[in-house]
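The residues making up each chain are set out below.
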Amino acid sequence: MTDRYDPPKLPEESILELEDYLAMQRAVSEETRYRIVARLLRDGETSAKELAEALDLPSNKLHYHLDKLVDVGVVANRVENERGADGLYSYYVATSLGEAVMEHGIGELIRTEWDARDRYA
């Protein structure tokens, strides 16, 4: 028999509410957003144009998903002040919260599956 699960309690003066944490988890649970955050974690700060090319996504679809990720705090956006030939450049990077959600959420589930396969193979 396994031990009962007691979910962690938020610190009394937590900067985030439970709903904020759940929103982060929901955001990266959508496949396109998962791929975006995974790519940012792998490559570091990346322009929107480079992300669109690397993930083979149209710009409007990419920006829709990036906006969702920025809104919940798993991705940060930095706009270059100087206008280039193609207009203003936006650069995106996964935040420490984004890294934690990926590493301890979906990443942990995938590692658990690998461990089980290795154990019972």
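Provided above is the structure to which this section pertains.
Residues numbered from 1 in each chain as written. Predicted model: local features only at pLDDT ≥ 70, side-chain atom pairs only at ≥ 80, totals over all residues. Heavy atoms only, no water.

1. Quick word on the side chain of Arg33
Note that Arg33 resides in helix α2 (residues 31–43). In terms of polar contacts, Arg33 uses its side chain to reach the backbone carbonyl oxygen of Ala27, at 2.9 Å. Within the local environment of Arg33, its side chain forms a polar contact with the side chain of His65, the two groups lying 3.1 Å apart. (Helix = DSSP H or I, 4+ residues; strand = E, 2+ residues; numbered from the N terminus. Polar contact = N/O pair within 3.5 Å; in protein donor to acceptor, adjacent residues only side chain to side chain.)

2. Some thoughts on unusual backbone geometry
Located in the positive-phi region is Asp56, a residue other than glycine, with phi close to 55°. We classify Asp56 as exposed; its relative accessible area is 70%. (Buried < 20%, exposed > 50% of the residue type's maximum accessible area, 1.4 Å probe, protein only.)

3. A closer look at the environment of Leu10
Mapped onto the elements of the fold, Leu10 is located in the segment before α1 (18–28). Owing to a relative accessible area of 37%, Leu10 belongs among the partly exposed residues under this scheme. Contact partners of Leu10, with chain neighbours within four places excluded, come to Leu16, Glu17, Leu18 and Tyr21. (Contact = heavy atoms within 4.5 Å.)

4. A closer look at the packing of α2 against helix α5 (residues 96–120)
It is at 11 Å that the axes of α2 and α5 come closest, and there the two elements cross at 110°. The angle between α2 and α5 places the two elements in the roughly perpendicular class. Crossing hand, α2 versus α5: left-handed. For the pair α2 and α5, the contacting residues are Tyr34, Val37, Ala38 and Leu41 in the first and Gly98, Glu99, Met102, Ile106 and Ile110 in the second. (Axes fitted to C-alpha atoms, helices over the stretch in contact; angles between N-to-C directions. Parallel < 35°, antiparallel > 145°, perpendicular 65-115°, else oblique. Left-handed = near helix turned anticlockwise from the far one by under 90°.)

5. Comments concerning the pattern of salt bridges
Within this structure, the stated rule accounts for five salt bridges. As a salt-bridge pair, Asp43 and Arg39 come within 2.8 Å of each other at their nearest N and O atoms. Taken together, the residues span about one helical turn, with Asp43 and Arg39 both in helix α2 at a distance of four residues. Taking the relative accessible area as the measure of exposure, Asp43 reaches 36% and is therefore partly exposed. When salt bridges with common partners are traced through the structure, they connect Arg39, Arg42 and Asp43 into a single cluster. (Salt bridge = Lys/Arg side-chain N within 4 Å of Asp/Glu carboxyl O.)

6. What to know about the packing of α1 against α5
The N-to-C vectors of α1 and α5 enclose an angle of 70°; their axes lie 10 Å apart at closest approach. Between α1 and α5, the angle is such that the two are roughly perpendicular. Residues Met24, Gln25 and Val28 of α1 form the contact with α5, whose own contacting residues are Leu97, Val101, Met102, Gly105 and Ile106.

7. So, α2
Taking 1.5 Å of rise per residue, 13 residues should cover 18 Å, and α2 covers 18 Å from first to last C-alpha, within 8% of that figure. Here α2 has its buried residues at Thr32, Arg33, Ile36, Val37 and Leu40. Relative to the axis of α2, the buried residues are bounded by an arc of 130° and lie together on one face. Exposed side of α2, more than 90 degrees from the buried face: Glu31 and Arg42 are the residues found there. Taking the backbone nitrogen of Thr32 as reference, a side-chain oxygen 2.9 Å away marks Glu30 as the first, capping residue of α2. Gly44 sits one or two residues past α2 and shows a positive phi near 80°. (Expected span 1.5 Å × (residues − 1). Arc of directions from axis to C-beta.)

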